[in-house]
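Residues per chain are reported as follows:
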Amino acid sequence: MHTTTHPRHSSLAPNTTTELNFSGPHVQATLVTNARHYAVDGTAIVVNPQPRQVALSHSPRTAIPPLSSTILRDTRIEEADTLILLRTDLDTPVSAITAEPGWQLLADLLPPTTSTSADTGTAPFPRHTPLYKSPQDHAGTVRFDPAHLLKETEQPTRPQDFQVKVNLWYAPAGTDCHIHNKHDFIEVHTQVHGLGRMQKFTAQDHTRLYEDLRMSPGYTTPDPFCATRPDGSYHYPWHQYYADTDCVWLAVEYHRPTP
């Protein structure tokens, strides 16, 4: 993917690490900026939130693709503007993560709604859904052409700056996390703990499933689901996350800077 980008952290010391604000006992989350020959000690899920691949030192043909992730152990990353490292014990129950500081039930963060929207004909988020959100944090800035990133054009022609925002989600086994199709940002998801799925539908109806992407720890949805509209907004298919087991996953969102 030959997406226009430029260094964002050249003024920082190499391998600057910052603990993200949702890091805690169940999932340790670290932002690495200006990575240069960065050593990943032990085992970690390494997320590449950049629009260019990140090379590993062991082989010139081994890399983390753009907007993707992998599980690394005792290895070294050649160079990256930003990386997100997540460490968790996959054998330890994770449901108590919602008791960590700042976690909230999603329903408590939403304005009150009680019925289907008359404007859109869509059902609102079911307030009984046990979907929990961690605090959100910033993970730097990237620059790319949305149409090129989403494989709508062969060459980047209109690169833009995007703020990267990240947070964790938790849902217990058997949770439908609500079929929806509205976002004002580009997003991908990384599985951190448990087994889940990203699902796509032809309508806001569970019987209209047409794609079922199984997710295990270290896996990121390979491409953003959306397409660009002529006005610059994004069109998403109907989609939802489904938790097969108790699950934690990372949302990586790309927002246009606010004035």
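Residues numbered from 1 in each chain as written. Predicted model: local features only at pLDDT ≥ 70, side-chain atom pairs only at ≥ 80, totals over all residues. Heavy atoms only, no water.

Quick notes on the sheet that holds strand E5 (residues 68-87)
Then step 1. Spatial ordering of the open sheet is given by E1-E2-E5, a layout of three strands whose pairing is antiparallel. Taken across any chain shown, the strands that pair with only one partner, and hence form the sheet edges, are strand E1 (16-19) and E5. Going from strand to strand, the sheet's axes swing by 30 degrees on average, the running direction of each strand aside.
Then step 2. With four bridges joining them, E1 and strand E2 (residues 28-48) adopt antiparallel strand pairing. Residue pairing for E2: threonine 17 is matched across the bridge by valine 32. (Pairing = 2+ DSSP bridges. Helix = DSSP H or I, 4+ residues; strand = E, 2+ residues; numbered from the N terminus. Axes fitted to C-alpha atoms, helices over the stretch in contact; angles between N-to-C directions.)

Comments concerning the nonpolar core
Then step 1. Counting 49 residues, the largest nonpolar core has Ile84, Leu86, Val166, Leu168, Leu250 and Tyr254 as the members making the most contacts within it.
Then step 2. Apart from residues lying up to four places away in sequence, valine 166 is in contact with Leu20, Phe22, Ile84, Pro135, Gln136, Asp137, Ala139, Leu250, Ala251 and Val252. (Core = buried A, V, L, I, M, F, W, Y, C linked by side-chain atoms within 4.5 Å. Buried < 20%, exposed > 50% of the residue type's maximum accessible area, 1.4 Å probe, protein only. Contact = heavy atoms within 4.5 Å.)

Notes on the pattern of salt bridges
Then step 1. Within the structure shown, the criterion is met by nine salt bridges.
Then step 2. As a salt-bridge pair, aspartate 74 and arginine 73 come within 4.0 Å of each other at their nearest N and O atoms.
Then step 3. When the shortest N-O distance is used, the salt bridge between arginine 197 and aspartate 212 registers 2.9 Å. Placement of the pair is arginine 197 in strand E12 (residues 196-201) and aspartate 212 in strand E13 (residues 209-215), with a sequence separation of 15 residues.
Then step 4. When its relative accessible area of 26% is taken as the criterion, aspartate 212 is described as partly exposed.
Then step 5. The network of salt bridges with shared partners includes Arg197, Asp212, Arg214 and Asp244. (Salt bridge = Lys/Arg side-chain N within 4 Å of Asp/Glu carboxyl O.)

Concerning the sheet that holds E13
What holds strands together in a sheet is hydrogen bonding between their backbones, with the strands either parallel or antiparallel.
Then step 1. Strand order across the open sheet formed by four strands is E10-E16-E12-E13, with antiparallel pairing between neighbours. Where the open sheet ends on each side, the last strands, each with one partner, are strand E10 (175-176) and E13.
Then step 2. Pairing between E12 and strand E16 (residues 238-243): six bridges, direction antiparallel. Among the inter-strand pairings, arginine 197 is bridged to a residue of E16, identified as tyrosine 242.

A short note on the environment of threonine 202
Then step 1. Tracing the chain through its elements places threonine 202 in the loop between E12 and E13.
Then step 2. On a C-alpha basis, the gap between threonine 202 and histidine 239 in space is 8.8 Å, while along the polypeptide they are 37 residues apart.
Then step 3. Excluding residues within four positions of it along the chain, threonine 202 makes contact with Arg208, Tyr210 and Trp238.
Then step 4. Only 2.9 Å separates the side chain of threonine 202 from the side chain of arginine 208, close enough to count as a polar contact. (Polar contact = N/O pair within 3.5 Å; in protein donor to acceptor, adjacent residues only side chain to side chain.)

Brief notes about the confidence of the model for the protein
Then step 1. When pLDDT is averaged along the protein, the result is 91, and 92% of the positions lie at 70 or above.
Then step 2. Here residues 1-9 scores under 50 on pLDDT; set against residues more than four positions off or in separate chains, the count is 32 contacts. (pLDDT = per-residue confidence, 0-100.)

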